Each structure stands twice: as C-alpha cells, then as structure tokens.
Amino acid sequence: MGEIQKVGVVGLGAMGAGIAQLCVEAGVDTVGREVTAELGEKARDRIGHFLTRKVEKGQLDQSARDEAVGRLTLTTELEDFAGCGLVIEAIVEELEPKRELFAELDRICGPEAVLATNTSALSVTEIAAATTRPERIVGMHFFNPAPLMPLVEIVRAELTADEPFETAYAFGERIGKTPIRCHDTPGFVVNRVLIPLLNDCIRVLDEARVTPEDLDTGLKNGAGWPMGPCALVDLVGIDVHVHASEALYEKTREPRMAPPPRLVAMRNAGLLGRKSGRGFYSY
Ligand SMILES: NC(=O)c1ccc[n+]([C@@H]2O[C@H](COP(=O)([O-])OP(=O)(O)OC[C@H]3O[C@@H](n4cnc5c(N)ncnc54)[C@H](O)[C@@H]3O)[C@@H](O)[C@H]2O)c1
C-alpha cells in the first residue's frame, strides 16, 4: 500500500486534537470528527492557538501555520472518512462506544484503510472483533500531550496483519514520533511498567515514612530519573493515574497494579495534582 494521503481522527479532545495537530503539521490532509460542530471548532481553535505559539517562538513560519490549519477539515459525519487511508480513534475510553464506532468505520471506509485506536487500557483485539477486517486494526497509543511526547506504541492485536501494522508504524515516523512495536497486552509497554512502579513509589511514602520531596530527591539522584515520582503523578493527574491503575488491576489482578489507598483518598478529596493546584505539591 502507498503512502497515506488522507487521515481521519475521531474525537478531538485532549488526545485527538493533539494527534490531528501532528498530522496537519506533517502536511497530511486531515478530517476531524466531533459529536457537534461547536466541539470541532473549539478543537480547531486550540490547534490554531498552539501553532500560533510556535510562530511566536520562532519554531514555525506564519504561512506554514496557516497552511497546517487549512489542512484540517471538520465534520460530524462518519461518512466523510470514506476516502481516508488511515483513521485514528480517540473517543471516550469505553469498550462499547469504541466497538460501535469501529463497526461503522468498517462499513464506511475502503477495504485498504487501516483503522487505529488510541486506547490506553482496552483490548485492541476486542475492538477489532467488532469489524469484518480485524487484520487491518491496530493500536496507535500516543502519550499526553501528543504534540510534545515523542513516543507512540504501535500495538499488534491478535489478528493484525503485517502490512497495516507497518503502515501505522511508518505513519508514526512520518508525523515525527518515535514508534515502538508491541503486542496487545494490558498497559502495552510503558504503562505496564510505569503504573506499578509509581504505585510502589507511593506505597514507600508510608512504609519508609519518607516525604514526597525526599522520595523525589532519592529517585532523581539515586536512579537518574529526570523527574521524581510524586512530581510525575501530579503532572499526569492523580485521577488519571488512579483510573489507569484500576483498569490494569481489573485485567491482570496483580496487587501492584491496584491504586494505593493514599492516592484514592487524594483523588476523592479533589487533590488531583497540577490541574487542581494541589497534589503532593502545591502549584
Ligand atoms: N488523556 C491521556 O492522557 C491519554 C493518553 C493516551 C491515550 N488516551 C486515550 O485517548 C482516548 C481519548 O482520550 P482523551 O483524554 O482525549 O479524552 P477527551 O475526553 O479529552 O476527548 C474525547 C473526545 O471524543 C469526543 N467523542 C466522544 N464520542 C465520539 C464519537 N463517537 N465521535 C466523535 N467524537 C466523539 C468527545 O466529545 C471528546 O471531545 C481514550 O481512549 C484515552 O484512553 C488518553
């Protein structure tokens, strides 16, 4: 299959808007779908705003910025994905809406199209099973914020064929990311390692009666971490981390995956980290 000419992005929230931004910056015509026209326009404004900031910082020409924004077409109709060689889904993290969407995309998109999901914790294989072309379904797991975080995990579901898998990998490179290949297992690679590790770090706060400041100092200076675990959980969002831990625990039943009670209590109290102004640290 040749190079992807047109990409679809379904859901223009935090992740989808970032992914669409990467695509238009890389010169790819992109169709973005939201549930209402207003949500789509808000996402386009956010993308335009980020690209304007790049112009202000001298990282992008004004004309390149305008051309990039011009490559994004908005729609509320899935039928507009008919001409896309690749569609990347970034809607709510729930299995049934994703399966329904993939069944629709399967009906609408050409037989050569590759359909990708940005799910963090759901099974790509279960999403693929809602279609008649499970061999053309892959995971493309970007990290938040997608325009800034280099990694994308290219996830091979149980029935994914080589060609669509490599097409997704090549597309990840084309939009400037650093792709890695892996199979469809809970948490894929980075979250499978990072979530239990961060949970261990939080448990050590109580076991070793160490302060968050000292724990962060320890991991930075004794293990070479660029950022301490408490600062990292604050950045990710304590609610987001608890939710991801619960999802991984449900799938694996490994005690280290379960969110530490201390984090659940912080989440319940509204201490969500940077975004709420308070977590382990105050912002
Ligand atoms: N936020 C993260 O850190 C992160 C990181 C990696 C992967 N993900 C995954 O990316 C996906 C999206 O997460 P997010 O944080 O961007 O969520 P979000 O809530 O910010 O955005 C989801 C968007 O999808 C829209 N939407 C819902 N159903 C739709 C449909 N049928 N068609 C079109 N649009 C629809 C919503 O209106 C919303 O704007 C999830 O699967 C999530 O697990 C999130």
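Refer to the structure above for everything that follows.
All values reported here derive from a predicted model rather than from experimental measurement. (Residues numbered from 1 in each chain as written. Predicted model: local features only at pLDDT ≥ 70, side-chain atom pairs only at ≥ 80, totals over all residues. Heavy atoms only, no water.)

A. Broad picture of the overall build of the protein. Helix and strand counts for the protein stand at 11 helices and eight strands. For 283 residues, the compact-globule formula gives about 19 Å, and the C-alpha radius of gyration of the protein, at 20 Å, lands near that figure. Counting every position in the protein, which comprises 283 residues, the buried fraction comes to 48%. Carbon and sulfur atoms make up 53% of the accessible area of the protein, which amounts to about 13,400 Å² in all. Averaged over its 31 positive side-chain charges, the protein has a centre that lies 4 Å from the centre of its 42 negative ones. (Helix = DSSP H or I, 4+ residues; strand = E, 2+ residues; numbered from the N terminus. Rg over C-alpha atoms; globule rule 2.2 N^0.38 Å. Buried < 20%, exposed > 50% of the residue type's maximum accessible area, 1.4 Å probe, protein only. Areas by Shrake-Rupley, 256 points an atom, 1.4 Å probe, with all protein chains shown as cover. Lys, Arg positive; Asp, Glu negative; His and termini not counted. Charge placed at Lys NZ, Arg CZ, Asp CG, Glu CD.)

B. Inspection of the pairing of strand β1 (residues 6-10) at higher detail. Across the five residues that make up β1, a large majority, four, are buried. Bridge analysis of β1 against strand β2 (residues 29-33) gives five bridges, and the strand direction is parallel. Across the sheet, Val10 pairs through a bridge with Arg33, a residue of β2. With respect to chirality, the unit in which β1 leads through helix α1 (residues 14-25) into the neighbouring parallel β2 is right-handed. Relative to strand β4 (residues 86-89), β1 is paired through four bridges, and the arrangement is parallel. From the neighbouring strand, Val10 faces β4, where its bridge partner is Glu89. (Pairing = 2+ DSSP bridges. Right-handed = clockwise from strand over helix to strand, strands pointing away.)

C. Molecular detail of the site of the ligand. Not every one of the 19 residues close to the ligand is listed here, only the nearest: Met15, Glu34, Glu93, Lys98 and Asn118. Measuring from an oxygen atom of the ligand, one finds a backbone N or O atom of Met15 at 2.8 Å. Summarising the interface, the protein chains cover 74% of the accessible area of the ligand, which totals 840 Å² for the free molecule. For the shell around the ligand, the secondary-structure elements that each account for two or more residues are α1 and β6 (137-142). Across the shell around the ligand, the residue classes tally to eight nonpolar, seven polar and four charged. (Near = heavy atom within 4 Å. Polar contact = N/O pair within 3.5 Å; in protein donor to acceptor, adjacent residues only side chain to side chain. Nonpolar A, V, L, I, M, F, W, Y, C, P; charged D, E, K, R; others polar.)

D. Region of interest: the packing of aromatic side chains. One pass over the full model with this rule turns up zero aromatic pairs. Between Arg181 and the ring centre of Tyr169, over which it is positioned, the NZ or CZ distance is 3.7 Å. Sitting over the face of the ring of Tyr249, Arg253 holds its NZ or CZ atom 5.4 Å from the ring centroid. (Phe/Tyr/Trp six-rings, centres within 6.5 Å; stacked < 30°, edge-to-face > 60°. Lys NZ or Arg CZ within 6 Å of the ring centre and 35° of its normal.)

E. Up close: the nonpolar core. Counting 36 residues, the largest nonpolar core has Val7, Leu86, Ile88, Met140, Phe142 and Phe171 as its most contacted members. Take this core: its biggest share by element is seven residues, from α1. In this structure, Phe171 is in contact with Ile4, Val7, Cys23, Val28, Leu86, Ile88 and Met140, ignoring residues within four places of it in sequence. (Core = buried A, V, L, I, M, F, W, Y, C linked by side-chain atoms within 4.5 Å. Contact = heavy atoms within 4.5 Å.)

F. Unusual backbone geometry, seen in detail. Each neighbour pair has its own omega, and for Asn144 with Pro145 the value is -5°, a cis peptide bond. Locating Pro145 in the fold gives a position in the loop between β6 and β7 (151-156). Positive phi is not limited to glycine here, since Phe188 has a value of about 50°. Structurally, Phe188 is set in the loop between β8 (178-183) and α7 (190-207). A positive phi is found at Arg209, a non-glycine position, where the angle reads about 45°. Within the secondary structure layout, Arg209 lies in the loop between α7 and α8 (212-223).

G. Region of the structure containing helix α6 (residues 162-174). With 13 residues, α6 should reach 18 Å at 1.5 Å per residue; the first-to-last C-alpha distance of 18 Å fits that figure. What α6 keeps buried is the set Pro164, Phe165, Thr167, Ala168, Tyr169, Phe171 and Gly172. Phi turns positive, to about 90°, at Gly176, one or two residues after α6. (Expected span 1.5 Å × (residues − 1).)

H. Layout of the environment of Arg203. On the secondary structure map, Arg203 appears in helix α7. As for Arg203 and Arg107, which are separated by 96 residues in sequence, their C-alpha atoms are 48 Å apart. In contact with Arg203, other than residues within four places in its own chain, are Pro255, Arg256, Ala258, Pro259 and Pro260. Only 2.6 Å separates the side chain of Arg203 from the backbone oxygen of Ala258, close enough to count as a polar contact.

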